[in-house]
Number of protein chains: 2
Amino acid sequence: MNKKTKIPDPTIERLPIYFRCLSELKNLDIAIVSSEEISNRTGIKASQFRKDLSYFGEFGIQGLGYPVIHLFDRVSEIMQLNKQHQVAICGMGNLGRALVNYEGFSRWGLIIRHLFDNDPEKIGNKIAGLEIEDISRLPRDLEVDMGIITVPAPVAQDTANLMIRSGVKAILNFTAVNLSATPDIAVRNVDLTNELAILLYHMSSHKKKNKKSH
Amino acid sequence: MNKKTKIPDPTIERLPIYFRCLSELKNLDIAIVSSEEISNRTGIKASQFRKDLSYFGEFGIQGLGYPVIHLFDRVSEIMQLNKQHQVAICGMGNLGRALVNYEGFSRWGLIIRHLFDNDPEKIGNKIAGLEIEDISRLPRDLEVDMGIITVPAPVAQDTANLMIRSGVKAILNFTAVNLSATPDIAVRNVDLTNELAILLYHMSSHKKKNKKSH
């Protein structure tokens, strides 16, 4: 195997967009797709799509395009969609409870195995068949790959430390805290307001345009 | 005023990162900051930061850096953080309920005014002091700026149409459906799994690295 090239994060971020598009094409029984068609459907430039793919190998058939099923399988593989990931959620507030049944997670092969909270009122209750466990009794070997953190900000770092001690290798962080972890732990922050900046900016542009036209 | 330049979405997307960083610097009573310091704190290249800012005017003081408070105020203004936005949430499932109290929204000046659902069991119940209203009775003039959609996918487009008819100018869409709307309506999709692609990719890289080192 070739030496592994470092793939830029923006390329990885675009893979789910390609995946969804290929999934649609596959359902439409389309066998071959051009990079221009991918571009029309995703809004990502054809040249960008070709560059992103080039990190993972040669897929195009000269003068024809890309074989949909092959590319779909390869993107699934790169995105680890062909694997299952054992997950624990810490923090059973509204957001934690919402995530237990979030269908987006199952599409990604995430299997929720454990739910934790520190509230005695919540511990022992069941959500989607899983009992809420006491986070202070988090075992040293939890046998999960990923921790999802939805606790209040002041206890976010402590919660992360507990999860890492219990063997978690990746953390999906829904709190506003920048968690610190050793480099062998992958941490990604989900900010539900990321899209708001763009939305509010466009709202104000629309308003200005409307004013001009009067 | 100059003719408005079209600002690229990636620049708008980075504004919240700069905003958070400037907010921290302001709290530390730091008066002047260099683009290199911004870069160290945000992980965004100094040249990128300077380019992003250049869309909004001249901020730097030659040989010194950027005045923190002035820049903070300007970024707040561009991001409309100095304004309030009236919001309605449609879909009072777990996610909708989580969002009612999501503190990230209040930081952005979002004020939740209305909650809607179509479930007779939910209509009339109160969450955070707001009564859940019947979505089929959505009035023509709701006097809200933004609709947040957390309904099940099959009714997402109908819900969006209702919201638009009632005067909403922007939609924050938490469903997996690509909503269609006329160009005067700003629509942004929030996918809670966007960060998962990167997390799973890094997890697999870590595993490979660990295997190599044995």
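In the block above lies the structure referred to throughout.
Values in this document were obtained by computation on a predicted structure and should not be read as measured data.

A.B. asks: Quick rundown of unusual backbone geometry? Include the residues and the values.
C.D. replies: Residues and elements named next belong to chain B. Even without glycine at this site, Q80 takes up a positive phi of about 65°. Along the chain, Q80 turns up in the loop between α4 (68–78) and β3 (85–90). Positive phi, normally seen in glycine, also occurs at E143, with a value near 55°.

A.B. asks: Run through the relation of the copies chain B and chain A, naming residues and quoting values.
C.D. replies: Each copy superposes on the other: chain B lies on chain A with an RMSD of 0.1 Å after a rotation of 180° and an axial shift of 0.1 Å. Taken together, the rotation and translation describe the operation of a two-fold axis. An overlap of 98% is found between the interface residues of chain B and their copies at the interface of chain A, pointing to a shared contact surface.

A.B. asks: Quick one: what's the story with the interface of chain B and chain A, residue by residue and with numbers?
C.D. replies: Tallying the contact residues gives 56 residues for chain B and 57 residues for chain A. Taken together, both faces of the contact between chain B and chain A bury some 5200 Å²; the carbon and sulfur share is 67%. Joining chain B to chain A, the criterion identifies 4 salt bridges. The partner of E195 of chain A in a salt bridge is R188 of chain B, and the shortest N-O contact between them spans 2.8 Å. Where chain B packs against chain A, one counts 6 residue pairs in polar contact (both at pLDDT 80 or more). Listing elements by their share of the side of chain B that touches chain A, those giving two or more residues are α1 (9–27), α5 (94–100), α6 (103–107), β8 (170–173), β9 (186–189) and α8 (194–213) of chain B. Top contributing element to the side of chain B that touches chain A by residue count: α8 of chain B, with 14 residues. Considering only residue class, the side of chain B that touches chain A consists of 31 nonpolar, 13 polar and 12 charged.

A.B. asks: Account for the side chain of T159 of chain B, naming residues and giving values.
C.D. replies: Tracing the sequence through the fold places T159 of chain B in helix α7 (residues 156–165). Residues contacting T159 of chain B, with those up to four places away along its chain left out, are C90, I135, I149 and V151 of chain B.

A.B. asks: Explain the packing of aromatic side chains residue by residue, including any values.
C.D. replies: As enumerated under the stated definition, the model contains 8 aromatic pairs over all chains in all. Chaining the aromatic ring pairs together yields one cluster made of Y18, F49 and Y66 of chain A.

A.B. asks: Outline the packing of helix α1 (residues 9–27) of chain A against helix α4 (residues 68–78) of chain A, listing residues and values.
C.D. replies: All names here are of chain A. Close contact between α1 and α4 brings their axes to 9 Å; oriented N to C, the two are set at 145°. Seen from above, α1 lies across α4 with left-handed handedness. Along its contact with α1, which presents L15, F19, L22, S23, L25 and K26, the element α4 presents V68, I69, L71, F72, V75, S76 and I78. For the contact of α1 with α4, the per-class residue count stands at 10 nonpolar, 2 polar and 1 charged.

A.B. asks: So, the sheet that holds β9 of chain B: which residues are in play, and what are the values?
C.D. replies: All names here are of chain B. Ordered in space as β5-β6-β4-β3-β7-β8-β9, the 7 strands form an open sheet in which the pairing is mixed. Two strands close off the open sheet at either side, each with one partner strand: β5 (126–127) and β9. Taken together, the 2 bridges between β5 and strand β6 (residues 130–134) define a ladder with antiparallel strand orientation. Each bridged residue has a counterpart across the sheet, and for K126 the counterpart in β6 is E131. Sitting on the sheet, α7 touches β3, β7 (146–149) and β8, and the angle it makes with β7 is about 165°.

Rules and cut-offs
Residues numbered from 1 in each chain as written. Chains lettered and ligands numbered in written order. Predicted model: local features only at pLDDT ≥ 70, side-chain atom pairs only at ≥ 80, totals over all residues. Heavy atoms only, no water. Helix = DSSP H or I, 4+ residues; strand = E, 2+ residues; numbered from the N terminus. Least-squares fit on C-alpha atoms with pLDDT ≥ 70 in both. Contact = heavy atoms within 4.5 Å. Buried area = accessible area lost by both parts, 1.4 Å probe. Salt bridge = Lys/Arg side-chain N within 4 Å of Asp/Glu carboxyl O. Polar contact = N/O pair within 3.5 Å; in protein donor to acceptor, adjacent residues only side chain to side chain. Nonpolar A, V, L, I, M, F, W, Y, C, P; charged D, E, K, R; others polar. Phe/Tyr/Trp six-rings, centres within 6.5 Å; stacked < 30°, edge-to-face > 60°. Axes fitted to C-alpha atoms, helices over the stretch in contact; angles between N-to-C directions. Left-handed = near helix turned anticlockwise from the far one by under 90°. Pairing = 2+ DSSP bridges.

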